[in-house]
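# Fold and contact review
Now for the letters of each chain:
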Amino acid sequence: MKRTRSVQVVDVLRDVGDALRSGASLRQAIVRSAESPGSPLTPAASALTAGRPLVESLRATAASGHRGDADLSSALCILAVHAEAGGDPLPAVRALTDRLGRRAAARAEARALTTQARLGARALLLLTPAFLVLVVASDPGGVARWLAEPRTRAAVIAGVALQGIGAVWMGSIVRSATGRPSRYAGVPFLRAVRAVLAGRARSQIDAEVAEASETMAFALDAGLAPSSALVAVAPYARGEFGDALRRASEDVASVPHEAVTTAVDGLGGRGASRFAAAYVSSVTLGVPLAPALRSIADELREQASIDLAEDVRRASVRVLVPLGLVVLPAFVLACLVPLFVGGLEGITG
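I will try to describe carefully the structure that is included in this document. Not measured: the values here are computed from a predicted model. (Residues numbered from 1 in each chain as written. Predicted model: local features only at pLDDT ≥ 70, side-chain atom pairs only at ≥ 80, totals over all residues. Heavy atoms only, no water.)

With that settled, the discussion passes to the pattern of salt bridges. This model, assessed by the stated rule, comprises 8 salt bridges. Among the salt bridges present, the one from Arg151 reaches Glu149, with a minimum N-O distance of 3.2 Å. With relative accessibility at 54%, the residue Arg151 sits in the exposed group. The salt bridge partner of Asp243 is Arg246, with a shortest N-O separation of 2.8 Å. Separated by 3 residues within a single helix, Asp243 and Arg246 lie in helix α13 (residues 239-251), roughly one turn from each other. (Salt bridge = Lys/Arg side-chain N within 4 Å of Asp/Glu carboxyl O. Buried < 20%, exposed > 50% of the residue type's maximum accessible area, 1.4 Å probe, protein only. Helix = DSSP H or I, 4+ residues; strand = E, 2+ residues; numbered from the N terminus.)

Below, the structure is given as structure tokens:
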């Protein structure tokens, strides 16, 4: 079975940790761990082999691929911060490996939780095509007569069209339950239609806050101040929350008490306001920020798991609507109506 990208990142970080424990430097550990085929650290190792500085190579690799791989970008960002601070990276690599391993396990559990909804929708959608294939295989001449007669041809075309509508509708319901955004999610009208037909998709802000909070906590462990950690992590944070952190990082030096609060204002979700409150408390009162950020990330991920289970249960009920309104009528039009019309014509001669 092909390993997922997140599992590859965890495995390569374990290799880096083993190399560090054996006495290798961080540069040597990265180059050594990239020797396995398909290693996520291959671009960084190539830059190091070419003679580029360690911190520059790590940051460049993280920046080039951070939009497509949040785990890899956060790992490279943390390694770069520790390399720049000059501290021992081994504790950070161990903790990061554990965190990313648990994150990968949570994603696998989420995929397993949504498997029933996906397979159920696919099984229902295969009803009409499977019956048509069976009829074609058993009586090709009969199918040719269906298509030659205007009434049955219209019924088959209408049934196939309804089947396509049902496939899109049920697919939207499943995607909404699993939290996978649609490619047209940014269009207001289509987003409103999708919310009515398939259910409103949950915001991804909390997931973005959890990822950024964990990464920033590791940066703080390297010895950075809260403002410096924010500036270091902001370029690699994803989504709307990442955009807010990048706006905050531009003003954090001049207005540290207000920059984060102003930037995340209006984002919604549970996590953004809690992140801002924790940051302000740390800057103004000296409260340790790293434990607070880890607590926020853990609570947001736990709540996300609960929300996912609830959405999947709702999806199993919502799919009954397109099943009754579209999929079953499509089966009747495309399969039963031609058989019924053909039977009547045979009886009447």
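From this point, things continue past the structure.
With that out of the way, let us pick up the nonpolar core. Core analysis: the largest hydrophobic core is formed by 70 residues, its most contacted members being Met216 and Phe241. Per-element accounting of this core gives the leading share, 9 residues, to helix α11 (residues 205-221). Among all residues touching Met216, those that are not within four sequence positions of it are Pro226, Ala229, Leu230, Val233, Phe275, Tyr279, Leu289 and Leu293. Formed by 11 residues, the second largest nonpolar core is a distinct cluster that contains Ala121, Met170, Ile173 and Ala315. (Core = buried A, V, L, I, M, F, W, Y, C linked by side-chain atoms within 4.5 Å. Contact = heavy atoms within 4.5 Å.)

For Phe340, the location among the structural elements is in helix α17 (residues 320-348). According to the relative accessible area criterion, Phe340 is exposed, its value standing at 56%.

In this section: the side chain of Ser33. By secondary structure assignment, the location of Ser33 is in helix α2 (residues 26-33). When its relative accessible area of 4% is taken as the criterion, Ser33 is described as buried. For Ser33, the residues in contact, after removing those within four places along its chain, are Val12, Asp15, Val16, Ser39 and Leu41.

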